[in-house]
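# A closer look at the structure
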Amino acid sequence: MSAFAAAAREGTRLVRSSPTRSAIVAVTIAGATALGVCEASAAVGCVALSIAVTVVARRSPRPERVMSANAWSRAGAGRFAIWMSGAVEALIVAWVAVLAGGLVGLVVLYASATHAAFNEGVTVVLWQLGLLAIVACLPTTRFRASKRTRTRRVMSAAGVGARVAIVVCALLLMLSLASGIRTDFDLSLAGALIVLLLVIVGLIVTGPASNWAVDTLGNVPIFRSIVAIAARHRTPATVRFVIVAAVSLATVFAVLGASVQARPDTQHLLDERLARLPVLPPNIALMRLNPEAEATSFSFSFPAFAPGLTGSELNGIRVAIARAAPGAEVIELHSLGERITTKVGTSRYPVTSTFPGCNPCDVGPYIIADARLRDVYGGPARYTAPSSTYQLLSPDVVGPDLSTIGVTRVPTEDAILQTFRHGGPLPSLSFADAVYYEVPAKSAVGLPTTISGMFVRSPKPLTDAQLARLEAVAREFRENSLPQLTLIGPRGSLVPLGAQVAQVAISASLRQAPWAATSAAARWAWAGVAALIALVTLLVTLTIDTIDRRRDVERLERIGATPHQVRSAAAIQTALQLAVVSWLSALLVVGLVKVGIDAFNHAEPTIPVPFTMPWAVVLLLTFGLPAAGAALAALVARPAWLESRSNENPAALS
Amino acid sequence: MLRLVRVTKRYPDGPGMITALDAVDVEVGDGAFVAVMGPSGSGKTTLALIAAGVESPTSGEVWIDELDVAHARKAKRAVLRRQKVGVVFQSGELDPLLSAVENVALPLRLDGWRAARAGAAAREALCRCAVEGLASRFPGELSGGQRQRVAVARAVVGERRLVVADEPTASVDTATARAIVELLASLAADGVGVLMTTHDSRLAGFADEVVVLRDGARVQAAGPTVGHGRHDRWEEANL
């Protein structure tokens, strides 16, 4: 018989040798697989749970496997053969469970869901099979009592030093990342990295911290005997990993969500109010050429240069306007170029860009200053142009930086926002898409100008008939020679009809952000899911641990430990370690979110996001989870069937 | 000190019951060394476990000092084992992850002793069993005999006055077995009551009294012995 066949046979025997243990592992994985197949949103959590359970099952030093490994070793088997028998055992349990659970899930999907959902379910099963096969290949655990030699002490000190260095570097990196988050794009990149670093730090710190907590409790007289039991075994890193990840994620979502929910939705409300305002005064209309086309690059686009009107076109339009609105004054706009704007639209209000360097990328076009515009806008030009992103798209001409000299007569968005925040009155007109930055003629010497539009100013409010005639003029020129010609009336765009070009772009409410639990129900759901994942992992781990340590418990009880002490030790150990893990995770998360929010508010002071702690959710995770874990541990630590095994040979591990 | 009165133990065996012990009487006084002999399956281990309070008899009485162990709660019996009765098992049953001194100190730690005080008492017990040099070693680094000596040290650590040793020499060579039994005899000489099960008549010769079991029933008792080499009678008892 080949070594492979022998290892496979031994692996199969190991599965059968502990049916309860194998069944618990298999049922958990099968359940997780079935759930992950049926519910795509739960797939990641289910796969994580399956991996955690398989790692615990594979790495836990169960007596049968230790005996098997020792026997094989004495019989001359190499490390590879011993490893392979363990790997085969884990693989059999994991794959059979995945296939069974997957089959159940796929049957349910086949009957009730779409073809795409079915394919997603198959993908989950394949991922499970692949990932669990990798986990099954972990090394076989063997007892190694650590003799405290000098070399080992030096190595241990070096290890501690390395861990401290990793933690410090990770903390600094996380602080730096959290301070730099400004947009969803930042959050998607930096946030994921922060969570990864959080889990690494949590994993490194919570191990020694938990041990310290257990040892410290041993100084309290009433806990001495219990700690004597508890201190002998530590919570596996796998379990700590799952808890750290679950608690960290839930806390991040909860704190961010509560903070966003507490933020006044001023920007969104203001946009909604402005969108309801008239665009222009009742006696004004704006006829102009819009950019020809948009040149797209990456995720945002550049308007091409707006074409200017030729002399004959201008004259033709003038004559037509005079016929449509007798007595109306035409105020030509001498444009100095065109603006760069985001793909979202031509709003003068900031829009959230998906491009990190362009937020906002929104300034109005520049024109030669004209005193007649006072009658259009109703006030002097005194608001400066945003300077952050403007670029004059004149490839052949190098002129002055217009953003430093351009001024507009329309209150800037920041000024309106500040007024709105302090309860001040809103302007009566929005001038949406009708904002121009005026530059004194002497400052624009040498720059090319074009007439790309004109205000039509009537001495009296424009009647519906006049507006209809102006609309007809614009439409006629559009059809004949100027397809980009548009007309904006007092109440918005008239040509093209129904177009939204002159509407205020309403910014999305942060409360709809997918990355934050912005309702109390969502926060509780997150906390509940995190607690459930942590407790299920804990339950499975404790159960496996109890099965694997039954001889240890027997030994303890034979030399004088009471069942109550065994239960108390498990409960206190679990509670302490869960508390340390959840407190540290929550502390790190809360600190980072606070730093991130403060940095964001400092950089974007317009509408600050308050730092709000959802205390109930955090308390559930930091106190409720340890309490539930302790109760669970006490329940599982010493099941009744342990009693019935007291006549077995207890010499296995000695 | 230890008194077993008409102790009977039955285990379920398929549809019926199997009798492991049948109305056995044994008494171990302070400083007495009593050996229980018998072939495999005769009930020696069951007797030892009942004497140590690990298991309860189906009927009969087990008295340790003034405590009725047979009817005591499990927790009470556990307290008894860590305060008054030390147990030595066939293969030592040491925790492989604890050093020798930590293993010996464990019963005291379970009893709420401070770690330092328990450690000092454990070192004293190791010294008493002549293995003080092995204090920092782990069970995996000890020979079978050394492990058993450490197990004996764990059984006598603190203020125990009774040691129940279940086949303590089962897995060691003859010389080591003899040394371990001599150690138990020396404990008895110091006033500790010792109940030892064995199937080796030569080792039983060290005991003050020998109880012979067959099929769960006591067939013969002899003693007290007067020293070494008095094992002929036990061999004659069909062992």
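Only a predicted model underlies this, so the values are computations on that prediction, with no experimental measurement involved. (Residues numbered from 1 in each chain as written. Chains lettered and ligands numbered in written order. Predicted model: local features only at pLDDT ≥ 70, side-chain atom pairs only at ≥ 80, totals over all residues.)

### A short note on the overall build of chain B
When its secondary structure is counted, chain B shows 8 helices and 10 strands. Burial statistics for chain B: of 239 residues in total, 53% are counted as buried. Counting only contacts in chain B whose residues sit at least 6 apart along the sequence, the fraction spanning at least 24 positions is 67%. (Helix = DSSP H or I, 4+ residues; strand = E, 2+ residues; numbered from the N terminus. Buried ≥ 20, exposed ≤ 12 C-beta atoms within 10 Å, placed from the backbone. Contact = placed C-beta atoms within 7 Å.)

### Considering the overall build of chain A
Secondary structure assignment for chain A yields 20 helices and 11 strands. Looking at chain A as a whole, 43% of its 654 residues qualify as buried. Contacts in chain A between residues far apart in sequence, at least 24 positions, make up 82% of those at least 6 positions apart.

### Examining the confidence of the model for chain A
Residues and elements named next belong to chain A. For chain A, per-residue confidence averages 79 on the pLDDT scale, and 83% of positions sit at 70 or higher. In this model, residues 292–305 is a region of pLDDT below 50 whose contacts with residues beyond four sequence positions or in other chains number 31 contacts. The model gives residues 338–363 a pLDDT under 50, and that stretch makes 81 contacts with residues more than four places away or in other chains. (pLDDT = per-residue confidence, 0-100.)

### A closer look at the sheet that holds strand β4 (residues 59–64) of chain B
All names here are of chain B. Read across the open sheet, the 4 strands follow the order β2-β1-β4-β5; overall the sheet is antiparallel. Strand pairing shows two members of the sheet lacking a second neighbour, β2 (16–28) and β5 (67–68), which therefore form its edges. Across 2 bridges, β4 lies against β5 in antiparallel orientation. Bridge pairing links Ile 64 to Leu 67 in β5. (Pairing = 2+ DSSP bridges.)

### Some remarks on the interface of chain B and chain A
With 30 residues of chain B at the contact, the number on the chain A side is 23 residues. Those elements that place two or more of their residues in the side of chain B that touches chain A are α2 (74–83) and α3 (100–110) of chain B. Looking at the side of chain B that touches chain A, the element that brings in the most residues is α2 of chain B, giving 6 residues. Class assignment of the residues belonging to the side of chain B that touches chain A gives a composition of 15 nonpolar, 5 polar and 10 charged. (Nonpolar A, V, L, I, M, F, W, Y, C, P; charged D, E, K, R; others polar.)

### A look at the packing of helix α10 (residues 237–262) of chain A against helix α19 (residues 615–637) of chain A
All names here are of chain A. Look at α10 against α19: their axes get within 10 Å of each other, and the N-to-C directions meet at 170°. Taken together, the axis directions place α10 and α19 in an arrangement best described as roughly antiparallel. Residues Val 247, Ala 250, Thr 251 and Ala 254 of α10 form the contact with α19, whose participating residues are Val 617, Val 618 and Leu 621. Here the contact of α10 with α19 is composed, by residue class, of 6 nonpolar, 1 polar and no charged. (Axes fitted to C-alpha atoms, helices over the stretch in contact; angles between N-to-C directions. Parallel < 35°, antiparallel > 145°, perpendicular 65-115°, else oblique.)

### Observations regarding the pairing of strand β9 (residues 450–457) of chain A
Residues and elements named next belong to chain A. Burial analysis of β9 places 6 of its 8 residues in the buried class, the great majority of the element. Here strand β1 (residues 284–289) pairs with β9 via 5 bridges, running antiparallel. Residue pairing across strands places Ala 285 opposite Val 456, the latter belonging to β9. Bridge count between strand β4 (residues 329–335) and β9: 7 bridges; the pairing is antiparallel. When the bridges of β9 are listed, Ser 335 appears paired with Thr 450.

### Digging into α2 of chain B
All of the buried residues in α2 of chain B are Arg 77, Ala 78, Arg 81 and Arg 82 of chain B. Mapping the buried residues of α2 of chain B onto a view down its axis gives an arc of 135°, with all of them on the same face. Contacts from the buried residues of α2 of chain B go to α17 (550–558) of chain A together with β6 (85–88) and α3 of chain B. (Arc of directions from axis to C-beta.)

### Concerning the confidence of the model for chain B
Residue and element names in this part refer to chain B. With 92% of its residues at a pLDDT of at least 70, chain B reaches an overall mean of 85. Below a pLDDT of 50 lies the segment residues 224–239, which in the model reaches 29 contacts outside its immediate sequence neighbourhood of four places, other chains included. The complex model carries a pTM of 0.68, and its ipTM stands at 0.84.

### A few points about the packing of α10 of chain A against helix α18 (residues 563–603) of chain A
Residue and element names in this part refer to chain A. At a closest axis distance of 9 Å, the pairing of α10 and α18 adopts a crossing angle of 35°. Considering how the two elements wind past one another, α10 and α18 form a crossing that is right-handed. Residues Arg 240, Ile 243, Val 244, Val 247, Ser 248, Thr 251, Val 252, Val 255, Leu 256 and Ser 259 of α10 touch α18, and the partners they reach there are Leu 578, Val 581, Ser 582, Ser 585, Ala 586, Val 589, Val 590, Val 593 and Ile 597. Considered class by class, the residues forming the contact of α10 with α18 number 13 nonpolar, 5 polar and 1 charged. (Left-handed = near helix turned anticlockwise from the far one by under 90°.)

### So, the environment of Ala 432 of chain A
All names here are of chain A. In this fold, Ala 432 is placed in the loop between α14 (413–421) and β8 (437–439). For Ala 432, a count of 26 C-beta atoms within 10 Å translates into the label buried. Along the sequence, Ala 432 and Ile 488 sit 56 residues apart, while their C-alpha atoms lie 9.8 Å from each other.

### Some thoughts on the pairing of strand β8 (residues 193–198) of chain B
Residues and elements named next belong to chain B. Across the 6 residues that make up β8, a large majority, 6, are buried. Along β8, one buried face is formed by Gly 193, Leu 195 and Thr 197 and the opposite face, lined by Val 194, Met 196 and Thr 198, is buried too. Here strand β3 (residues 33–37) runs beside β8; their pairing, made up of 5 bridges, is parallel. Across the sheet, the residue bridging to Val 36 is Thr 197, located in β8. Where strand β7 (residues 162–166) and β8 come together, 5 bridges link them in parallel fashion. Bridge assignment links Ala 165 to a residue of β8, and that residue is Met 196. What joins β7 to β8 is helix α6 (residues 174–189), and the crossover it makes is right-handed. (Right-handed = clockwise from strand over helix to strand, strands pointing away.)

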